[in-house]
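# A structural walkthrough
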Amino acid sequence: ALWCPMMSVTPTRGCLLDLPWEDILVPHILCHLPLQQLLSLQRVSKSFQSLIQLYLANMRCFDSSQIGPAIPRAAFVNLLKDNEVLQQLALQNCSDWLTDRELLPVIGQNHHLHRIQLKGCAQLSRHALVAISLSCPNLRQLSLAHCEWVDSLSLRSLADHCKALEAVDLTACRQLKDEAICYLVQKCSRLKSLSLAVNANVGDVAVEETAKCCPELEHLDLTGCLRVKNDSIRVLAEYCPKLRSLKVKHCHNVAESSLGILRSRGVELDVEPPLQRALVLLQDVVGFAPFINLQI
């Protein structure tokens, strides 16, 4: 469909490239094609190469998963070297090649970013988060899951400069302690979604401060936070009326006495009620649960 002959078959038959590039081809045609196919089009001709470069320079969303995790460093740098209008950047699981050297120039020239996904980008450093905080004042969503380089100082920088944040994923950011989380939620009171999962250093202090500072909170993930106890869950129930989901699996010090308050409000929990857990256990062990009357 995109093949363009060098010469028209008939005098009235035009070429695809004759259409206005910026008004028609870029916003209405190329945007519907997978990025990998667009990159292949560059090899068709010099004209197509110029067209794709124009598209890349005006691209609002870049997702590395459309190309694959094995994208070469040089290719990534070349793809985004002229782009200053990115709004969404997704580079999850690019740990094999992504470092500060590749990321910082992209962040530095794109001040309209409102969503950044860096899950599993293990070769970055705290300088990447500082650069994001200084260059992206309109940031709304940020995923730093499994980025163990995130420390308290870089998180403080984020909190100081990106106060419009609504969703932050800090899963397995193991350097962070209660103090860092408290600072974040105090500065970013618009948070609606927060993940502190798989962090043994996070406890009741961080959860209570989150509850008191973020009344708009809807989703909280505390999976595997072993220091979280019932008291902070009760505070969460008191201060967060908009809470829709809470994950506390493997939080061994959180019991039904605190979860029951949220359960009665219809909050989605990833832990079954005690009776249901017992029945599932019975079913797994002796196949007995199907015969028990759940209405009792």
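What comes next is a walk through the structure. (Residues numbered from 1 in each chain as written. Predicted model: local features only at pLDDT ≥ 70, side-chain atom pairs only at ≥ 80, totals over all residues. Heavy atoms only, no water.)

## A few points about the packing of helix α9 (residues 204-213) against helix α10 (residues 230-239)
- For the pair α9 and α10, the least separation of the axes is 8 Å and the interaxial angle reads 5°. It follows from the interaxial angle that α9 and α10 lie roughly parallel. Residues Asp204, Val207, Glu208, Ala211 and Lys212 of α9 form the contact with α10, whose own contacting residues are Asp231, Ser232, Val235, Leu236 and Tyr239.
- Partitioning the contact of α9 with α10 into residue classes produces five nonpolar, one polar and four charged. (Axes fitted to C-alpha atoms, helices over the stretch in contact; angles between N-to-C directions. Helix = DSSP H or I, 4+ residues; strand = E, 2+ residues; numbered from the N terminus. Parallel < 35°, antiparallel > 145°, perpendicular 65-115°, else oblique. Contact = heavy atoms within 4.5 Å. Nonpolar A, V, L, I, M, F, W, Y, C, P; charged D, E, K, R; others polar.)

## Regarding the packing of aromatic side chains
- Scanning all chains against the criterion turns up two aromatic pairs.
- Here Phe76 and Trp97 contribute two aromatic rings whose centre-to-centre distance is 5.1 Å and whose plane-to-plane angle is 55°, an arrangement assigned as tilted. Highlighted residues: Phe76 in helix α4 (residues 73-80) and Trp97 in the loop between β2 (88-90) and α5 (100-108), separated in sequence by 21 residues. There is no split in this pair, since Phe76 and Trp97 are both buried.
- An aromatic cluster of three or more residues is present, and its members are Phe62, Phe76 and Trp97.
- Just above the ring of Tyr183 sits the side chain of Arg156; from NZ or CZ to the centre is 3.8 Å. (Phe/Tyr/Trp six-rings, centres within 6.5 Å; stacked < 30°, edge-to-face > 60°. Buried < 20%, exposed > 50% of the residue type's maximum accessible area, 1.4 Å probe, protein only. Lys NZ or Arg CZ within 6 Å of the ring centre and 35° of its normal.)

## Points about unusual backbone geometry
- We note that His146 has phi near 60°; this positive angle belongs to a residue other than glycine.
- Within the secondary structure, His146 is located in the loop between β4 (141-143) and α7 (152-161).
- The residue Ala172 is not glycine, and still its phi comes out positive at about 60°.
- With respect to the helices and strands, the residue Ala172 is situated in the loop between β5 (167-169) and α8 (178-187).

## Quick notes on the sheet that holds β2
- Read across the sheet, nine strands follow the order β1-β2-β3-β4-β5-β6-β7-β8-β9 without closing on themselves; strand pairing throughout is parallel. Each of the sheet's edge strands pairs with one partner strand only, and the pair in question is β1 (61-63) and β9 (268-269).
- When strand β6 (residues 193-195) meets strand β7 (residues 219-221), the two strands line up parallel, connected through three bridges. Across the sheet, residue Ser193 finds its bridge partner in β7, namely His219. (Pairing = 2+ DSSP bridges.)

## Regarding the pattern of salt bridges
- Summed over all chains, the structure comprises nine salt bridges.
- Among the ionic pairs, Glu148 bridges to Arg174, the shortest N-O distance being 3.1 Å. Of this pair, Glu148 sits in the loop between β4 and α7 while Arg174 sits in the loop between β5 and α8, placing them 26 residues apart in sequence.
- The partner of Arg234 in a salt bridge is Asp231, with the nearest N and O atoms 3.2 Å apart. (Salt bridge = Lys/Arg side-chain N within 4 Å of Asp/Glu carboxyl O.)

## Regarding the packing of α10 against helix α11 (residues 256-264)
- The contact between α10 and α11 brings their axes to 8 Å, and the two run at 15°. Between α10 and α11, the crossing angle belongs to the class labelled roughly parallel. Like other packed secondary-structure pairs, α10 and α11 cross with a definite hand, here left-handed. Here Asn230, Ile233, Arg234 and Ala237 of α10 come into contact with α11, specifically with Ser257, Ser258, Leu259, Ile261 and Leu262.
- Looking at the contact of α10 with α11 residue by residue, the class counts come to five nonpolar, three polar and one charged. (Left-handed = near helix turned anticlockwise from the far one by under 90°.)

## A closer look at the nonpolar core
- Within the largest apolar cluster, 92 residues are counted, with the highest numbers of intra-cluster contacts made by Phe62, Leu222 and Leu246.
- Ranked by residue count, the leading element in this core is helix α3 (residues 46-57), at six residues.
- Once residues within four sequence positions are removed from consideration, Leu222 is found in contact with Leu196, Ala197, Val207, Val228, Ile233, Leu246, Lys247, Val248 and Cys251. (Core = buried A, V, L, I, M, F, W, Y, C linked by side-chain atoms within 4.5 Å.)

## Considerations on the environment of Ser95
- Among the secondary structure elements, Ser95 is positioned in the loop between β2 and α5.
- Look at Ser95 and you get partly exposed, because its relative accessible area is 24%.
- As a C-alpha pair, Ser95 and Leu124 span 29 residues in sequence and 8.2 Å in three-dimensional space.
- Excluding residues within four positions of it along the chain, Ser95 makes contact with Gly120, Cys121, Ala122 and Gln123.

## Examining the layout of surface pockets
- Taken as a whole, the largest pocket holds about 510 Å³ of empty space.
- Lining the largest pocket are 28 residues, with Arg115, Gln117, Gln141, Ser143 and Asp169 positioned closest to its centre.
- Where the lining of the largest pocket is concerned, the elements lending two or more residues are β1, β2, β3 (115-117), β4, β5, β6, β7 and β8 (245-247).
- For the lining of the largest pocket, the domains that each give at least three residues are domain 2 (60-141 + 151-165) and domain 3 (168-176 + 187-281).
- Approximately 180 Å³ is the volume found for the second largest pocket.
- In this structure, the second largest pocket is lined by 11 residues; those nearest its centre are Cys31, Tyr55, Met59, Arg60 and Cys61.
- Among the residues forming the lining of the second largest pocket, the class breakdown is eight nonpolar, two polar and one charged.
- Both domain 1 (20-58) and domain 2 (60-141 + 151-165) contribute no fewer than three residues apiece to the lining of the second largest pocket. (1 Å grid on protein atoms, 1.4 Å probe; cavity = no way out; pocket = protein on both sides within 12 Å on 5 of 7 lines; lining within 4 Å. Points joined across faces, edges and corners; volume = space filled by probe spheres on them. Domains from an automatic or database assignment.)

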